[in-house]
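Structural overview
Read off the chains here:
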Amino acid sequence: IIKRIQKKLGIKIDGYYGPTMLETLSTTLDIDLCDQKDNVIPIGPNALTKLGLFDTTIPKENTKEYVNYILASTLVGECNRCDEDELFAIYSTIKHRSKGSMVDAVLKAKQYSTWNRYNNSDDKKLFLQLRIADQKRKGFDEMLSLVKGFKDKSPLKYNHYVNPTIVDLETSNRSIAKSYRENKESSKQIGKHLFWWDKKHK
């Protein structure tokens with residue numbers, strides 16, 4: 001969050017809330033530091049809205065629209081430049097991994113790397129709002145429309161996928177590489193990813 005604020009304010013990014021950031025915030029937000037406890041300006045929704053970094057309202061949890069938001073955010077994070085076929089294949093892996101809740105499937109630790117920072121964040125609600133606000137500049141709304149359309153289609157039979165340029169599938173000891181080697185004959189490349197079905201996946 002701090003790095004995004006610094007970028008917005010034109011401060012050399014260092015990730016620390018130091019004197020320069022404090023002074024710039026006080027000027028930008030028209031806040032008198034003498035009125036602030038311990039000379040600190042709280043970074044909450046009001047301040048972020050004024051900075052133009054908090055322009056997204058997340059639907060209530062446990063609603064269809066909330067599920068759509070999480071899935072669209074997942075696809076933007078995983079492959080926002082993929083074509084529709086590749087995106088639907090990724091969506092299919094989520095559908096097959098879910099035990100009823102597709103949100104739980106993507107937010108489960110070590111399943112979809114795009115959510116790693118979210119899972120490690122202290123304020124998940126704020127992190128999600130900032131994440132999607134940022135993704136709206138990367139095609140989030142278009143992805144949201146795609147996700148709604150995907151729900152009417154039968155998912156492809158894939159529950160694993162990987163970018164083969166990132167993982168050495170032939171020699172790596174990572175579980176994803178082992179799964180690929182065991183199911184190599186049924187794998188299919190769609191776009192830049194390899195997809196396959198692993199019946200051992202639980």
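What comes next concerns the included structure. (Residues numbered from 1 in each chain as written. Predicted model: local features only at pLDDT ≥ 70, side-chain atom pairs only at ≥ 80, totals over all residues. Heavy atoms only, no water.)

Side note on the packing of helix H4 (residues 64–79) against helix H5 (residues 84–97)
The N-to-C vectors of H4 and H5 enclose an angle of 120°; their axes lie 11 Å apart at closest approach. One element, H4, and the other, H5, form an angle in the oblique class. For the pair H4 and H5, the crossing hand works out as right-handed. Residues Leu71, Thr74, Leu75 and Cys79 of H4 lie in contact with H5, whose contacting residues are Glu86, Leu87, Ile90, Tyr91 and Ile94. Its residues assigned to classes, the contact of H4 with H5 shows seven nonpolar, one polar and one charged. (Axes fitted to C-alpha atoms, helices over the stretch in contact; angles between N-to-C directions. Helix = DSSP H or I, 4+ residues; strand = E, 2+ residues; numbered from the N terminus. Parallel < 35°, antiparallel > 145°, perpendicular 65-115°, else oblique. Left-handed = near helix turned anticlockwise from the far one by under 90°. Contact = heavy atoms within 4.5 Å. Nonpolar A, V, L, I, M, F, W, Y, C, P; charged D, E, K, R; others polar.)

Comments concerning helix H9 (residues 140–150)
All of the buried residues in H9 are Phe140, Met143, Leu144, Val147 and Phe150. Looking down the long axis of H9, one finds its buried residues gathered within 120° of arc, a one-sided arrangement. Facing away from the buried side of H9 by more than 90 degrees, the exposed set consists of Glu142 and Ser145. Elements in contact with the buried residues of H9: H4, H5 and helix H8 (124–135). (Buried < 20%, exposed > 50% of the residue type's maximum accessible area, 1.4 Å probe, protein only. Arc of directions from axis to C-beta.)

A short note on the pattern of salt bridges
All told, the structure shown has five salt bridges when counted by the stated rule. When the shortest N-O distance is used, the salt bridge between glutamate 65 and lysine 148 registers 3.5 Å. Highlighted residues: glutamate 65 in helix H4 and lysine 148 in helix H9, separated in sequence by 83 residues. Using a relative accessible area of 29% as the deciding quantity, one classes glutamate 65 as partly exposed. The partly exposed category is assigned to lysine 148, whose relative accessible area is 38%. Across the salt bridge formed by glutamate 182 and lysine 200, the nearest N and O atoms sit 3.4 Å from each other. One end of the pair, glutamate 182, is in helix H10 (residues 175–182); the other, lysine 200, is in the segment after strand S3 (193–196), and 18 residues separate them in sequence. You'll find glutamate 182 and lysine 200 in the same group, each marked exposed. (Salt bridge = Lys/Arg side-chain N within 4 Å of Asp/Glu carboxyl O.)

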